[in-house]
Amino acid sequence: MGKAAAAIAHRINDVSSEDDWTLLRRSWTLPVLTSLHTPRHFSDIKRNLPTITDRALSQSLKSMERDWVCRSVDGASRPPRSIYSAVNIGSLIGQITASEINFI
C-alpha cells in the first residue's frame, strides 16, 4: 500500500511546483480535488466525503478557488446552485488521485 501511495505522491509532485506544496499539505485538499475530477455541487462533494464538515469543505474550496477550483452558478436550477470544477493544476491532481482512489 505504501508503494501505491508513493507512486501517487510522485505523480502529483511531477505536475506541481514548490509554490503548490503549502496548499497540498492542507487536510482536505487532496480528497476535495479527488471528488472534483468531474464538476460537482457542494452537496455532492459533501456526500463523497462524509466525514468533512460544511465549514471545512467551504474553507477548502475557498482556499483553492484562486488557482485550482472554478466556481460557477447554475442559473437554470431554482434556487441557483454553485458548481465547482477543478482547473489547471487542480484538475491534473484530481485526475491522478481519482484514477487511483476508489472512494468516489
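Residues numbered from 1 in each chain as written. Predicted model: local features only at pLDDT ≥ 70, side-chain atom pairs only at ≥ 80, totals over all residues. Heavy atoms only, no water.

Peer 1: What is the right way to look at the pairing of strand S3 (residues 81-86) in this model?
Peer 2: The two faces of a sheet get side chains in turn, since along a regular strand they alternate between them. Bridging between strand S1 (residues 40-41) and S3 involves two bridges; their strand directions are antiparallel. Across the sheet, the residue bridging to Arg40 is Tyr84, located in S3. Taken together, strand S2 (residues 69-74) and the strand that follows it, S3, pair antiparallel across an intervening segment of six residues. (Pairing = 2+ DSSP bridges. Helix = DSSP H or I, 4+ residues; strand = E, 2+ residues; numbered from the N terminus.)

Peer 1: Before we go on, may I ask you to explain the pairing of S2 in this structure?
Peer 2: Where S2 and S3 come together, six bridges link them in antiparallel fashion. Considered in S3, the bridge of Ser72 is made with Ile83.

Peer 1: Hey, could you run me through the sheet that holds S2 in this one?
Peer 2: Where strands meet in a sheet, backbone hydrogen bonds hold them as pairs that are either parallel or antiparallel. Strands sit in the order S1-S3-S2 across an open sheet of three strands; the sheet is antiparallel. Each end of this open sheet is capped by a strand with a single partner; those strands are S1 and S2.

Peer 1: Just to check I follow, could you spell out the pattern of salt bridges for this structure?
Peer 2: When the charged atoms of two side chains lie near each other, side chains of opposite charge can form a pair. Applying the stated criterion across every chain yields a total of two salt bridges. Note that Arg47 is salt-bridged to Asp44, the shortest N-O span being 2.5 Å. Of this pair, Arg47 and Asp44 both sit in helix H4 (residues 42-48), separated by three residues, roughly a single helical turn. (Salt bridge = Lys/Arg side-chain N within 4 Å of Asp/Glu carboxyl O.)

Peer 1: Honestly, the environment of Ala76 in this entry has me stumped. Any pointers?
Peer 2: Relative to the assigned elements, Ala76 resides in the loop between S2 and S3. Since its relative accessible area comes to 73%, Ala76 is described here as exposed. Distance from Ala76 to Glu18, taken between C-alpha atoms, is 40 Å for residues 58 residues apart in sequence. (Buried < 20%, exposed > 50% of the residue type's maximum accessible area, 1.4 Å probe, protein only.)

These figures capture arrangement, not role.
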